[in-house]
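Each chain, letter by letter, is given below.
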Amino acid sequence: MARFKHYDYNQTKMIPLRFADQIQSGTFEYTLNHVVDNDLDLSIFEQRYRNDINGAPAYDPAILLKIVLFAYSRGITSSRGIAQACRENVLFMALSADSQPHHSTIADFVTRMDEGIAPLFTHVLMVCNQMGLIGREMFAIDGCKLPSNASKEWSETHAELTRKQRKIDRAVERMLVAHRSQDQRVEPKIRERQEAQIEKLEQASAKIKKHLATEPERIGRGKRAKAIKNNITDPDSASMKTSKGVIQGYNGIAAVDSKHQVIVHAHAYGEGPEQHALVPMLLGIKRQLYQISEKNEGILQSTKITADSGFHSEDNMKRLSRMGIDSYIADNQFRKRDPRFIDSITYQEEQEKRQAERGYKHSKRFALSDFDYDPVAGTCRCPAGNSMWCRMEDGRINGRKATGFQGYRKYCRVCPLKAQCLRDPNQKEGRQVAFFDRSEHKESSYIDRMKEKIDSPMGRHIYSQRLGTVEPVFGTWKPTRGSNALP
Ligand code: SF4
């Protein structure tokens, strides 16, 4: 018969533990402990306490800050999870000096942390600066989409919400009438279920009414700005497209220094498009650098800024040029022009394949060359042979002289080629096209100048550093913070 080593669950073993010895030099917890104790000014947290004479002693904010930041670095983001770790994990015990704060204390600290977190972020940057970790040679700006704790189904414009609320009210009315008429006949269980359903709908209607009364309509950007969807649960968040579909959330944008990948400025925007965020991000970098360094003049003008095509627009290129910033912002054709991707068919095929995998439909609409434009007669025929009406004669698009045409609705609606021509075969408007006047001297736009700059060997070299600067930051941050961020 086999024999096994003896064991006894009822035995006693004493394990001596010195918490200070658990925080080993060279580890993240050691740095965190040292920085919080020696470099950060936590007086902003202390101002909240009013227990100088009366009341029980509070948990030291330094302890709470250490365990919260350490928990985030380990992907633990819930207060209950942090409280549990403080009871079970020796590193958390060491950092909290075994004080074991209750989860409600941690939740309260985190909820009110936003008041003090911005100055703390600047203090951390100061420490990084003193240690020579911020090189100021190049800052890479990029964003990632973060889902919020709100359902996208509750995102509508005010007009849509009003319709929804009326529909719910009508449904409640119908259910109440039916409920009263059958009141005595239906089983108590069914009656209870109906009542619960009515109550739920009434709550939804009240929620919409409150939102309509208290939240102003959100208006999009641009010349033809119109009302955009607003979320009832989290009005600051927005519906945004990601590679994994539409989410309700925020666009977290960060500016990262290229020397040691230190984030110098970050902000969450409740908007998917990133173009509008470029200038505020630059001003944010400038503000942070002003606060941490002695040299205050021309900080942005003595560095390089890189960003991807999400931040590319004529307006942004113009502003960067006027601010005298050495910037490298790619446009969405940048890779196609790059000789390193000379096999453009393979590249395009790869792109299409990736888009197909993500569920995007690749648009193969008729190009301008498929339309028969006669500049002398001022007429245009579409690929189906139908004449188009001139919607803009000698107008201007991006400062260039252009003539625009549009298909007649009566032709487009029944056209057999509309799947190849229209963006959406069910759209009400006919196809629009615009032809630029080639005889006009075309002034080089800011976009053209940026293309020329970024296509140069030096431009490509500098832009190529962007990926290695900002992407690893998001790559590390997403899994370790337990975040569900999306590109
Ligand atoms: S959809 Fe309209 S514009 Fe396009 S080919 Fe057909 S008729 Fe012409």
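Residues numbered from 1 in each chain as written. Predicted model: local features only at pLDDT ≥ 70, side-chain atom pairs only at ≥ 80, totals over all residues. Heavy atoms only, no water.

Here the focus is the site of the ligand. As a structural note, the neighbourhood of the ligand is formed by Cys382, Ala384, Asn386, Tyr411, Cys412, Cys415, Lys418, Cys421 and Arg431. The site holding the ligand turns out to be the largest cavity. Going through the elements one at a time, helix 15 (409-414) and helix 16 (418-421) are the ones with two or more residues in the shell around the ligand. Per-class residue counts for the shell around the ligand are six nonpolar, one polar and two charged. (Near = heavy atom within 4 Å. 1 Å grid on protein atoms, 1.4 Å probe; cavity = no way out; pocket = protein on both sides within 12 Å on 5 of 7 lines; lining within 4 Å. Sits in = over half its atoms within 2 Å of the grid points. Helix = DSSP H or I, 4+ residues; strand = E, 2+ residues; numbered from the N terminus. Nonpolar A, V, L, I, M, F, W, Y, C, P; charged D, E, K, R; others polar.)

Spatial strand order, 13-14-15: three strands in an open sheet with antiparallel pairing. A single partner strand is all that each edge strand has here, and the edge strands are strand 13 (388-397) and strand 15 (432-436). Strand-to-strand twist in this sheet, taken as the mean axis angle between neighbours without regard to direction, amounts to 25°. Pairing of strand 14 (residues 400-407) with strand 15 involves five bridges; the strand directions are antiparallel. Within strand 15, the residue paired with phenylalanine 405 across the bridge is valine 433. (Pairing = 2+ DSSP bridges. Axes fitted to C-alpha atoms, helices over the stretch in contact; angles between N-to-C directions.)

Turning our eyes to something else, we now look at helix 9 (residues 158-182). Taking 1.5 Å of rise per residue, 25 residues should cover 36 Å, and helix 9 covers 36 Å from first to last C-alpha, within 8% of that figure. When we look at burial in helix 9, the residues that qualify are His158, Leu161, Gln165, Ile168, Ala171, Val172, Leu176 and His179. Buried residues along helix 9 sit against strand 2 (155-156) and helix 10 (188-214). (Expected span 1.5 Å × (residues − 1). Buried < 20%, exposed > 50% of the residue type's maximum accessible area, 1.4 Å probe, protein only. Contact = heavy atoms within 4.5 Å.)

Counted under the stated rule, the structure contains one cavity of 30 Å³ or more. The calculated volume of the largest cavity comes to roughly 130 Å³. Cys382, Ala384, Cys412, Cys415 and Cys421 are the residues nearest the centre of the largest cavity, which is lined by 18 residues in total. At the level of secondary structure, the elements contributing two or more residues to the lining of the largest cavity comprise helix 15 and helix 16. (Points joined across faces, edges and corners; volume = space filled by probe spheres on them.)

Time to look at the nonpolar core. Counting 28 residues, the largest nonpolar core has Ile141, Leu282 and Ile285 as the members making the most contacts within it. Where this core is concerned, the elements lending two or more residues are helix 8 (114-130), strand 1 (138-147), strand 7 (245-257), strand 8 (263-269), helix 11 (278-292), strand 9 (304-307), helix 12 (314-322) and helix 17 (446-455). Here this core gets six residues from one element, more than from any other, and that element is helix 11. Residues contacting leucine 282, with those up to four places away along its chain left out, are Ile141, Leu300, Ile305, Leu320, Met323 and Ile325. One finds Leu64, Ile67, Phe70 and Ala83 within the second-largest nonpolar core, a separate group that totals 26 residues. (Core = buried A, V, L, I, M, F, W, Y, C linked by side-chain atoms within 4.5 Å.)

In this section: the domain arrangement of the protein. Taken as a whole, the protein is organised into domain 1 (19-130), domain 2 (133-148 + 240-358 + 441-487), domain 3 (158-216) and domain 4 (376-436). Distance between the C-alpha centres of domain 1 and domain 3: 46 Å. (Domains from an automatic or database assignment.)

Okay, the pairing of strand 7 next. Within strand 7, eleven of the 13 residues are buried, which leaves the element mostly enclosed by the surrounding structure. In this sheet, strand 7 lies alongside strand 1 in antiparallel orientation, the contact comprising nine bridges. The partner of lysine 145 across the bridge, within strand 7, is asparagine 251. Where strand 6 (residues 238-242) lies against strand 7, five bridges are found, and the strand directions are antiparallel. Following the sheet pairing, lysine 241 is matched in strand 7 by valine 246.

The next subject is the packing of aromatic side chains. Applying the stated rule across the entire model yields nine aromatic pairs. With a centroid separation of 6.3 Å and 15° between ring planes, the pair formed by phenylalanine 28 and phenylalanine 70 is classed as stacked. A residue pair is termed long-range when its members are at least 10 positions apart, and phenylalanine 28 in helix 2 (residues 28-38) and phenylalanine 70 in helix 4 (residues 61-73) qualify at 42 residues. Accessibility expressed as a relative area gives 44% for phenylalanine 28, which makes it partly exposed. Considering the side-chain rings of phenylalanine 70 and phenylalanine 92, the 4.9 Å spacing of their centres and the 55° angle between planes classify their relative orientation as tilted. With a gap of 22 residues between them, phenylalanine 70 in helix 4 and phenylalanine 92 in helix 6 (residues 90-95) connect regions that are remote in the sequence. You'll find phenylalanine 70 and phenylalanine 92 in the same group, each marked buried. Here a set of aromatic residues connected by ring pairs shows up, and it is made of Phe28, Phe70 and Phe92. (Phe/Tyr/Trp six-rings, centres within 6.5 Å; stacked < 30°, edge-to-face > 60°.)

Further remarks concern the packing of helix 12 against helix 17. Helix-helix packing is described using two parameters, namely the angle between the two axes and the distance between the axes. Across the interface, helix 12 lies against helix 17 with an axial gap of 8 Å and an inter-helix angle of 75°. Here helix 12 lies roughly perpendicular to helix 17, going by the angle between them. In this structure, helix 12 contributes Glu314, Met317, Lys318, Ser321 and Arg322 to the contact, and helix 17 contributes Tyr446, Ile447 and Met450. Here the contact of helix 12 with helix 17 is composed, by residue class, of four nonpolar, one polar and three charged. (Parallel < 35°, antiparallel > 145°, perpendicular 65-115°, else oblique.)

Packing of helix 5 (residues 79-88) against helix 7 (residues 103-111) brings their axes to within 8 Å, and their N-to-C directions diverge by 130°. Classified by the interaxial angle, the pair formed by helix 5 and helix 7 is oblique. Seen from above, helix 5 lies across helix 7 with right-handed handedness. Taking contact as the criterion, the partners of Ser79, Arg80, Ile82 and Ala83 in helix 5 are, on helix 7, His103, Ile106 and Ala107. Tallied by class, the residues present in the contact of helix 5 with helix 7 amount to four nonpolar, two polar and one charged. (Left-handed = near helix turned anticlockwise from the far one by under 90°.)

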